[in-house]
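The primary structure of each chain is shown beneath.
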Amino acid sequence: MGGGAKNTTLFTNTSLRIIELPKMSRCVGDNYNHIVTGSNTIERLQVGGTSAINAHSCPNLLDIEIGENIQADIRFRWTPSSAYDNPDKAAILNENIRNHIIAKLPDLSNGTPKTITFFNDSSSSPNTDLVNILEQETMDAFASKNWNVSPAKSV
């Protein structure tokens, strides 16, 4: 991010399950929040009004809760791989996305759509694995608020 800065928060405790940072919000310009963890035990991350989250090495992170009314496109580097081949975890992930992300997004029905983009962990490659396990109910909930999902589903 040329000329930008980031707020880095490092969590490496191997027994940490929940991170709650409700006041963490997006800074001005190209600044973004960078959650780094070496722990695969993290299951929940709560942040404030940030529109960019990098959650590295968190295969069990099935619940990200954002703040209310984010007014920018959203970028998540997030790989909840424990849910990819597990229908029960995929259902939990979908419910959490609907209740803790989509429910907090502003309704843009009468305006210009915004996009939520899912990337793989620390790369800029699109996370089609995550998008492919999103249920139709989840996709419809994004669409009902005029939010696009990227990348597109490939299944």
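Below or above, wherever it landed, is the structure these notes cover. All of these numbers come straight from a predicted model, not from anything done at the bench.

Quick look at unusual backbone geometry
Turning to step 1, where the next piece is worked out: In this chain, Ser150 is followed by Pro151 through a cis amide linkage whose omega measures 5°.
Turning to step 2, where the next piece is worked out: Within the secondary structure layout, Pro151 lies in the segment after strand S9 (147-150).
Turning to step 3, where the next piece is worked out: The backbone phi angle of Asn69 is positive, close to 55°, even though this residue is not glycine.
Turning to step 4, where the next piece is worked out: By secondary structure assignment, the location of Asn69 is in the loop between strand S6 (63-65) and strand S7 (74-78).

Some thoughts on the sheet that holds strand S4 (residues 44-47)
Turning to step 1, where the next piece is worked out: Across the sheet, three strands lie side by side as S2-S4-S6; this open sheet has parallel pairing. Edge strands, defined here as strands with exactly one partner in the open sheet, are strand S2 (18-21) and S6. The sheet shows a mean angle of 5° between the axes of neighbouring strands, taken without regard to direction.

Remarks on the side chain of Lys104
Turning to step 1, where the next piece is worked out: Turning to its location among the elements, Lys104 is positioned in the loop between helix H1 (87-100) and strand S8 (114-119).
Turning to step 2, where the next piece is worked out: Classification of Lys104 by relative accessible area gives buried; the value is 17%.
Turning to step 3, where the next piece is worked out: A polar contact of 2.7 Å, which involves the side chain of Lys104, links it to the side chain of Glu65.

Overview of the packing of H1 against helix H3 (residues 136-144)
Turning to step 1, where the next piece is worked out: One can describe the packing of H1 onto H3 by two numbers: an axis separation of 9 Å at closest approach and a directional angle of 15°. Looking at the two axes, H1 sits roughly parallel to H3. You can see that H1 and H3 cross each other, and the crossing is left-handed. Mapping the contact onto sequence places Asn94, Ile97 and Arg98 in H1 and Glu137, Thr138 and Phe142 in H3.
Turning to step 2, where the next piece is worked out: Among the residues making up the contact of H1 with H3, the classes are represented as two nonpolar, two polar and two charged.

Reading the values: rules and limits
Residues numbered from 1 in each chain as written. Predicted model: local features only at pLDDT ≥ 70, side-chain atom pairs only at ≥ 80, totals over all residues. Heavy atoms only, no water. Helix = DSSP H or I, 4+ residues; strand = E, 2+ residues; numbered from the N terminus. Pairing = 2+ DSSP bridges. Axes fitted to C-alpha atoms, helices over the stretch in contact; angles between N-to-C directions. Buried < 20%, exposed > 50% of the residue type's maximum accessible area, 1.4 Å probe, protein only. Polar contact = N/O pair within 3.5 Å; in protein donor to acceptor, adjacent residues only side chain to side chain. Parallel < 35°, antiparallel > 145°, perpendicular 65-115°, else oblique. Left-handed = near helix turned anticlockwise from the far one by under 90°. Contact = heavy atoms within 4.5 Å. Nonpolar A, V, L, I, M, F, W, Y, C, P; charged D, E, K, R; others polar.

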